Amino acid sequence: MEYLLIFVSAIFVNNIVLSQFLGICPFLGVSKKIDTALGMGMAVAFVLTISTTVTFLVQKYVLDPLSLQYLQTITFVLVIAALVQMVEIVLKKVSPVLYQSLGIFLPLITTNCAVLGVAILVIQKDFSLIESIVYSVATALGFALALVVFAGLREQLSLVSVPKAMKGVAVVLVTAGLLSLAFMGFSGVDVGLKAVLGLN
């Protein structure tokens, strides 16, 4: 039941983009079309789940036993970059079609602060391995959801007449702010879910 709470909370209540403001760069840059946003969301989901699992194991079985916690950030960055490269190489060999659809997004994931942010948050929240995996999958789904919804809004914006002063970046930022406010409506869902599940 705690896994359900983590899952729902990570997608809606503490959305990585709209509540914690991590991964804003791809959120604004790769959200002009729904297919692009969906591709980026899938790529991030894949890499985020793998990288969170691997960085968790590195933290628990390498950094903590050797008292090297101060190397956490640099180690995580190197692990994520190496994983993205390995995923790119494997996809190129195993599934060229999937590589073609995700290929342009994979290099962008290396610089996506949401991936590093989730890896560090999992350690700070003192999650177990299973909780970490649930949290990373839910966070990735939340990221993809925010990206696709925002892409849909931007596609609709391109069809309407926008005042001259609001064209371009201005209307995009206002739309992102309104979407963030809309997701704030989910605050309290985790508290209600805790009460229903009988968790303190």
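Before reading on, note that the structure itself is shown above.
Residues numbered from 1 in each chain as written. Predicted model: local features only at pLDDT ≥ 70, side-chain atom pairs only at ≥ 80, totals over all residues. Heavy atoms only, no water.

Q: Can you help me understand unusual backbone geometry in this one?
A: For residues that are not glycine, phi is negative in most cases, and the peptide bond is trans in most cases. For phenylalanine 21, which is not a glycine, the phi torsion comes out positive at approximately 55°. Inspection of the secondary structure assignment puts phenylalanine 21 in the loop between α1 (2–13) and α2 (24–29). The phi dihedral of serine 67 is positive, around 55°, even though this residue is not glycine. On the basis of relative accessible area, serine 67 is assigned to the partly exposed category, the value being 49%. (Helix = DSSP H or I, 4+ residues; strand = E, 2+ residues; numbered from the N terminus. Buried < 20%, exposed > 50% of the residue type's maximum accessible area, 1.4 Å probe, protein only.)

Q: Can you walk me through the side chain of threonine 55 in this structure?
A: With respect to the helices, strands and loops of the structure, threonine 55 is situated in helix α3 (residues 34–63). When its relative accessible area of 0% is taken as the criterion, threonine 55 is described as buried. Polar side-chain contacts of threonine 55 include one of 3.1 Å to the backbone oxygen of threonine 52. If sequence neighbours within four positions are ignored, threonine 55 has contacts with Phe76, Val79 and Ala119. (Polar contact = N/O pair within 3.5 Å; in protein donor to acceptor, adjacent residues only side chain to side chain. Contact = heavy atoms within 4.5 Å.)

Q: What am I meant to see in helix α7 (residues 113–124) here?
A: Counting along an α-helix, one turn takes 3.6 residues, and residues three or four places apart therefore face a common direction. Taking 1.5 Å of rise per residue, the 12 residues of α7 would be expected to cover 16 Å, and the 16 Å separating its terminal C-alpha atoms lies within 8% of that figure. Most of α7 is tucked away, with 9 of its 12 residues classed as buried. Those residues of α7 not exposed but buried are Ala114, Val115, Gly117, Val118, Ala119, Ile120, Leu121, Val122 and Ile123. Buried residues in α7 make contact with α3, α4 (72–94), α6 (106–110) and α8 (129–157). Phi for aspartate 126, located one or two positions after α7, is positive at around 60°. (Expected span 1.5 Å × (residues − 1).)

Q: Would you mind going over the state of the cysteines with me for this structure?
A: Throughout the structure, instances matching the rule amount to 0 disulfides. In this structure cysteine 113 is not part of a disulfide, and its nearest cysteine sulfur, from cysteine 25, lies 8.1 Å away. According to the relative accessible area criterion, cysteine 113 is partly exposed, its value standing at 38%. (Disulfide = S-S within 2.5 Å.)

Q: I would appreciate a short explanation of the side chain of serine 9 in the present structure.
A: Relative to the elements of secondary structure, serine 9 occurs in helix α1. If near-sequence neighbours (up to four positions away) are discounted, serine 9 is found in contact with Asn14, Asn15 and Asp190.

Q: Looking at this structure, how should I read the packing of α1 against α8?
A: Each pair of packed helices can be described by the angle between their axes along with the distance between the axes. For the pair α1 and α8, the least separation of the axes is 7 Å and the interaxial angle reads 30°. In terms of their interaxial angle, α1 and α8 are classed as roughly parallel. Here the hand of the crossing between α1 and α8 comes out right-handed. Where α1 abuts α8, its residues Glu2, Tyr3, Ile6, Phe7, Ala10, Ile11 and Phe12 lie against Ile130, Glu131, Val134, Tyr135, Val137, Ala138, Thr139, Leu141, Gly142 and Leu145. Residue classes in the contact of α1 with α8 are distributed as 13 nonpolar, 2 polar and 2 charged. (Axes fitted to C-alpha atoms, helices over the stretch in contact; angles between N-to-C directions. Parallel < 35°, antiparallel > 145°, perpendicular 65-115°, else oblique. Left-handed = near helix turned anticlockwise from the far one by under 90°. Nonpolar A, V, L, I, M, F, W, Y, C, P; charged D, E, K, R; others polar.)

Q: When you look at a nonpolar patch on the surface in this model, what are you seeing that I'm missing?
A: Together, Leu57, Tyr61, Val62, Leu66, Leu129 and Ile133 line one region of the surface with nonpolar side chains, adding up to about 540 Å² of accessible area. Secondary-structure elements contributing two or more residues to the nonpolar patch are α3 and α8. According to the relative accessible area criterion, tyrosine 61 is exposed, its value standing at 63%. (Patch = residues over 30% accessible without salt bridge, like charges linked within 9 Å, V, L, I, M, F, W, Y side chains within 5 Å. Areas by Shrake-Rupley, 256 points an atom, 1.4 Å probe, with all protein chains shown as cover. Salt bridge = Lys/Arg side-chain N within 4 Å of Asp/Glu carboxyl O.)

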